[in-house]
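Architecture at a glance
The lines below spell out each chain.
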Amino acid sequence: MNLSLIESVMSESTSSVFPTAQLEIRHRGEIVFSKAYGVLDPETKLRPTQPDTLFDLASVTKLFVTSAFMTLVEEGKVSLDQSVQSVLPNFNGARPIQGYEDPLKWGSFVSVSDEQGTIDTATITFRHLLIHNSGLPAWRPLFQQPDAESAKRMAITTHFSYRTGTKVVYSDIGLILLGTAIEKITNQKLDDAVYSRVTVPLSLTHTRYLPISNLQSPISNVAPTEFDNQWRKRRIVGEVHDENAYRLGGVSGHAGLFSNATDVAALGQSFLSHVLLDVKTIDEMTSLQSQFNATRRGVGFVLWSPDPEASGNPFSQKAFGHTGFTGTSLWIDPERDLVVACLTNEVYNGRENRKLTAFRVRLHKAIVQSISEF
């Protein structure tokens, strides 16, 4: 395999796209590329990134939480088509359809449907949450609540933003509810459930939530993310970047996990080797469940898209994966027997004029070309 093209993309993107990164590629079950790039302190150029440096996974957390939930499905403790209300009784009643707050433009609102009326929460299933067509809004400002319990209550009592099944709107709120349901079903805190059901069985020794209450001092080997000018008024390091996850105590279904590329790649490999979940479960998770325009979703996963600007487009049409707002991603291509885990802290540079999407496409094209020459 000619790795020079991959190396070129990563080297050129370090500093110009992100300060620090890790990339691990597994092909046919073997690690064929694993390297760290950049420094943890761009201003002083000190502290080179290490293989065990932890990155804020952002929404890649959702794959770990989904995997934990699917172990419960396999054990018969819950089903995908069971109502969310049956586990979370406070998720009840008829809720209005209305716009929601824009997470990228605070003070603005997003409207995804002109339809009016209400949605009966009793009709919403866990499958709806996991394929992102429930009707729930993408986001709500939970971080503005005074404490974690109030934030969780806001998520459970939220309104809808469109009629169930008519669109696909990627929703953090849905995964927050899923994480809360896991706690109810297992009678465990979510971090303990994820550890016992996913990270321990897969021997993922670098993957963990970093609850705010446990942070006694700054963590020196964590990739820093954005300088929060809006709320926390500091550079974010050693605590979750996502504001809502922070308000929820650092542990949530939608964000909060920290890890390194080796652990994330190992999770990806588990979907090819079936060491955590059964073949039938993985087949259902990676089959088309919902679609709206070029967005195609499985259970928990985003699927290959015909959009040439989508990060998974360079892979085969059987590919599935997930991305994270901070700059992380995991993609699995079963046709090529390929796993690609790329962790960056690209959001370090802020939320405007981001270069992440183009970088991912370029990197994935380079990997596919290198694999084809193998």
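Anyway, here's the lowdown on the structure attached to this text. (Residues numbered from 1 in each chain as written. Predicted model: local features only at pLDDT ≥ 70, side-chain atom pairs only at ≥ 80, totals over all residues. Heavy atoms only, no water.)

Examining the overall build of the protein chain
Spelled out, the test is: Each helix corresponds to a stretch of at least 4 residues labelled H or I by DSSP, and each strand to a stretch of at least 2 residues labelled E; elements are numbered beginning at the N terminus. Note that the radius of gyration is over C-alpha atoms, with the globule rule given as 2.2 Å times the number of residues to the power 0.38. Burial classes: relative accessible area under 20% of the type maximum marks a residue as buried, over 50% as exposed, and values in between as partly exposed (1.4 Å probe, protein chains only).
In terms of regular secondary structure, the protein chain is built from ten helices and 18 strands. Against the compact-globule benchmark of 21 Å for 374 residues, the protein chain has a radius of gyration of 20 Å, which places it among compact chains. With respect to the three principal axes, the spread of C-alpha positions in the protein chain is 55 × 45 × 40 Å. The buried share of the protein chain, taken over its 374 residues, is 57%.

Brief notes about the packing of aromatic side chains
Rules: For Phe, Tyr and Trp, where Trp contributes only its six-membered ring, two rings pair if their centres lie within 6.5 Å, and the inter-plane angle classes them as stacked under 30 degrees, edge-to-face over 60, or tilted in between. Throughout this description, the term charge over a ring refers to an Arg CZ or Lys NZ atom that lies within 6 Å of the ring centre and within 35 degrees of the ring normal.
For the structure on display, the rule yields eleven aromatic pairs. Cluster of aromatic residues (ring-pair linked, three or more members): Trp106, Trp139, Phe143, Trp231 and Tyr246. Above the ring of Tyr348, the side-chain terminus of Arg235 is found at 3.7 Å from the ring centroid. Between the NZ or CZ atom of Arg354 and the centre of the ring of Phe325, over which it lies, the distance is 4.5 Å.

Brief notes about unusual backbone geometry
Most peptide bonds adopt trans geometry, and most residues besides glycine take a negative phi value. One non-glycine residue, Ser15, adopts positive backbone phi at about 85 degrees. By secondary structure assignment, the location of Ser15 is in the loop between helix H1 (4–13) and strand S1 (20–27). Given a relative accessible area of 59%, Ser15 falls into the exposed group. Unusually for a residue other than glycine, Asn187 sits at a positive phi of about 60 degrees. Structurally, the position occupied by Asn187 is in the loop between helix H5 (172–186) and helix H6 (190–199).

Details of the side chain of Gln22
To keep it simple, the criterion reads: A 3.5 Å cut-off defines polar contacts: any pair of N or O atoms within that distance qualifies, except that in protein one atom must be a possible hydrogen donor and the other a possible acceptor, and neighbouring residues in sequence count only when both atoms are side-chain atoms.
One can find Gln22 in strand S1. According to the relative accessible area criterion, Gln22 is buried, its value standing at 3%. Engagement of the side chain of Gln22 in a polar contact is seen with the backbone oxygen of Pro51, the distance being 3.2 Å.

Quick word on the nonpolar core
We apply this condition: By nonpolar core is meant a set of buried Ala, Val, Leu, Ile, Met, Phe, Trp, Tyr and Cys residues that side-chain atoms within 4.5 Å join together. Any two residues having at least one pair of non-hydrogen atoms within 4.5 Å are treated as being in contact.
Membership of the largest hydrophobic core comes to 69 residues, with the highest contact counts inside it found for Phe64, Phe69, Phe91 and Phe126. Dropping the residues within four chain positions of it, Phe69 is found in contact with Val78, Leu80, Phe126, Leu130, Leu178, Ile182 and Ile185. Ranked by size, the runner-up nonpolar core spans 23 residues in total, among them Met10, Val17, Leu23 and Cys342.

Overview of the sheet that holds strand S9 (residues 208–209)
Heads up, the condition is: Two strands are said to pair when DSSP picks up at least two bridges between them.
Taking strand neighbours across the sheet as the criterion, the three strands line up as S4-S12-S9 in an open arrangement whose pairing is antiparallel. With one partner strand each, in any of the chains shown, strand S4 (55–56) and S9 form the two edges of the open sheet. Sheet topology note: the S9/strand S12 (residues 257–259) ladder contains two bridges and is antiparallel. Looking at S12, one finds that Arg208 is bridged to Phe258.

Concerning the pattern of salt bridges
Opposite charge on two side chains allows them to pair when their charged atoms are near. Counted only if it meets this: Just to be clear on terms, a salt bridge is a Lys or Arg side-chain nitrogen sitting within 4 Å of an Asp or Glu carboxyl oxygen.
Scanning the entire structure with this criterion turns up 18 salt bridges. Between Arg354 and Glu346 there is a salt bridge, with its nearest N and O atoms 2.5 Å apart. Relative accessible area serves as the criterion here: at 3%, Glu346 is assigned to the buried category. It is possible to trace a salt-bridge network through shared partners that takes in Asp228, Arg232, Arg234 and Glu239.

Some details on the side chain of His322
Inspection of the secondary structure puts His322 in strand S16 (residues 320–324). In this structure His322 comes out as buried when scored by relative accessible area, which is 3%.

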